[in-house]
Amino acid sequence: QLACPLDLGCHSVEFERMINDEGQLIDLYIPRKCSATNRLITSDDNASIQVNIGNVNEKGLYTKEYTTFAFTGLVRARGETDAALNRLAISAKIMKDC
């Protein structure tokens, strides 16, 4: 057992999981997948990004909801993020196809 490094009120930390005072499982790292390639974004991918696009109603007002897209550093290094974001936004009906 290790001490809780983030002061989250946990009893103990095991190598793969952490449990809080209420007995709920809390993970320190939640893996994400790239929205463009569907590949796992590793914890050491420092060039990866997550983009939250705010949803608006028919009047154009923000509804306090958003759609999230994540991209790996590889997609960004290839310069494919812009095209991928446009494709994903069209498929999510956030943006109209021109």
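The structure displayed is predicted, hence computed values, not measured ones.

*Asks:* Account for helix 2 (residues 81-91), with residues named and values stated.
*Replies:* The complete set of buried residues in helix 2 reads Thr81, Ala84, Leu88 and Ala89. Looking straight down helix 2, one finds its buried side chains confined to an arc of 130°; they lie on one side. Turned more than 90 degrees from where helix 2 packs its buried face, Asp82 and Ala83 sit exposed. Of the surrounding secondary structure, the elements contacted by the buried residues of helix 2 are strand 6 (49-56), strand 7 (62-71) and helix 1 (73-77). Phi turns positive, to about 60°, at Lys93, one or two residues after helix 2.

*Asks:* Tell me what's going on with the environment of Thr72, and back it up with residues and numbers.
*Replies:* Note that Thr72 resides in the loop between strand 7 and helix 1. According to the relative accessible area criterion, Thr72 is buried, its value standing at 7%. Taking C-alpha positions, Thr72 is 8.4 Å from Thr37, a pair spaced 35 residues apart along the chain. Contacts of Thr72, omitting those with residues within four sequence positions, involve Cys34, Ile41, Asp45 and Ser48.

*Asks:* Please give an account of the confidence of the model for the protein chain that cites residues and values.
*Replies:* For the protein chain, the mean per-residue pLDDT works out to 84, and 83% of the residues sit at or above 70. Overall, residues 1-15 carries pLDDT values under 50, and its contacts beyond four positions in sequence, including any with other chains, amount to 26 contacts.

The rules we used
- Residues numbered from 1 in each chain as written.
- Predicted model: local features only at pLDDT ≥ 70, side-chain atom pairs only at ≥ 80, totals over all residues.
- Heavy atoms only, no water.
- Buried < 20%, exposed > 50% of the residue type's maximum accessible area, 1.4 Å probe, protein only.
- Helix = DSSP H or I, 4+ residues; strand = E, 2+ residues; numbered from the N terminus.
- Arc of directions from axis to C-beta.
- Contact = heavy atoms within 4.5 Å.
- pLDDT = per-residue confidence, 0-100.

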